[in-house]
Structure formats: structure tokens, C-alpha cells
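# Breakdown of the fold
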Amino acid sequence: MPKYIMLAFNGPTGGEGDAEALERWYEESHLPELKAAGSTDTARRFKVVDTNLPGKEAWPYVAVYEIEAEDMAALQERMQRGAGIAIHPALDRSRSAT
């Protein structure tokens, strides 16, 4: 089965305590749920130190997903729709990219 790496750049909304709430959700809920769904072999989240991506503001975090899938396009579509996995309200979706 083909293997892929997907990078998800994101960060919290600007409210009081949002960064901490998002970090807790990622570690305790989101990453374990993705692994349990069966298509994600490993999922880890890292703090971004710096970026030189032209025309983009720096994303504070990047999640790295190692995936095995026969149909990566279909899997990406399901993941972008949420695939039944709730997205925390502290995730700033306006600044997210994969």
C-alpha cells in the first residue's frame, strides 16, 4: 500500500486560554482519534520555530501524519470534511493549511 506524509500547519484562535486548550485537545483527543481511525500510522505535532514561506504568516504549529492509503485523494477529502472527528473551536481554521 502506498505511504504518504501529510503536513498540517495550524494554530489557535486568539482568545484567552485558546493555545492551551488546543494543545490539550490535540494531544488527548485529536491525534489518538486519527490513529484509531486506522489510516494514520503516526501523528505528531510540533511547534514551528520559524518559516520563510513567501507570502504566508508563520503558523505556530505543524502536525505530521504518516499515512498508508490506496486512495489518498479520497482520504484527504474525508479528513478535510472532519471524517466524523470533531474540530476544537480553538483551532483557527482561517489560518490552517495542509
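Residues numbered from 1 in each chain as written. Predicted model: local features only at pLDDT ≥ 70, side-chain atom pairs only at ≥ 80, totals over all residues. Heavy atoms only, no water.

## Regarding the overall build of the protein chain
For the protein chain, the helix and strand inventory stands at two helices and three strands. In the protein chain, the order of α-helices and β-strands from amino to carboxyl end is β-α-β-β-α. The buried share of the protein chain, reckoned over its 98 residues, is 34%. Long-range contacts, defined as pairs at least 24 residues apart, comprise 69% of the intrachain contacts of the protein chain with a sequence gap of at least 6. Per element, the accessible surface of the protein chain, about 6,200 Å² overall, is 51% carbon and sulfur. (Helix = DSSP H or I, 4+ residues; strand = E, 2+ residues; numbered from the N terminus. Buried < 20%, exposed > 50% of the residue type's maximum accessible area, 1.4 Å probe, protein only. Contact = heavy atoms within 4.5 Å. Areas by Shrake-Rupley, 256 points an atom, 1.4 Å probe, with all protein chains shown as cover.)

## Here we look at the packing of aromatic side chains
All chains considered together, the criterion is met by one aromatic pair. A ring pair is formed by Trp25 and Tyr26, whose centres lie 5.2 Å apart and whose planes are at 75 degrees; its orientation type is edge-to-face. Here the basic side chain of Arg45 rests over the ring of Tyr61, its NZ or CZ set 3.7 Å away from the ring centre. The positively charged end of Lys47 is found above the aromatic ring belonging to Tyr61, 5.0 Å away from the centroid. (Phe/Tyr/Trp six-rings, centres within 6.5 Å; stacked < 30°, edge-to-face > 60°. Lys NZ or Arg CZ within 6 Å of the ring centre and 35° of its normal.)

## Some words on the side chain of Asp92
For Asp92, the location among the structural elements is in the segment after helix H2 (72-81). By relative accessible area, Asp92 is classed as buried at 15%. Within the structure, Asp92 has its side chain in polar contact with the side chain of Ser94 (distance 2.5 Å). Setting aside anything within four residues of it in sequence, one finds Asp92 in contact with Gly11, Pro12 and Thr13. (Polar contact = N/O pair within 3.5 Å; in protein donor to acceptor, adjacent residues only side chain to side chain.)

## A closer look at the sheet that holds strand S1 (residues 3-10)
Here three strands make up an open sheet; going across it, the order is S1-S3-S2 and the pairing antiparallel. The outermost strands of the open sheet, each flanked by one partner alone, are S1 and strand S2 (40-47). Each strand axis lies, on average, 15 degrees off the axis of its neighbour in the sheet, ignoring direction. Of the strands in this sheet, S1, S2 and strand S3 (61-68) are in contact with helix H1 (residues 18-36), which crosses S2 at around 165 degrees. (Pairing = 2+ DSSP bridges. Axes fitted to C-alpha atoms, helices over the stretch in contact; angles between N-to-C directions.)

## A word on H1
Here H1 spans 25 Å end to end across 19 residues, near enough to the 27 Å set by a 1.5 Å rise per residue. Within H1, the axis deviates most sharply at Tyr26, by approximately 45 degrees. Within the span of H1, buried status applies to Asp18, Ala21, Leu22, Trp25, Tyr26, His30, Leu31 and Leu34. (Expected span 1.5 Å × (residues − 1). Bend = angle between axes of the 7 residues up to and from the residue.)

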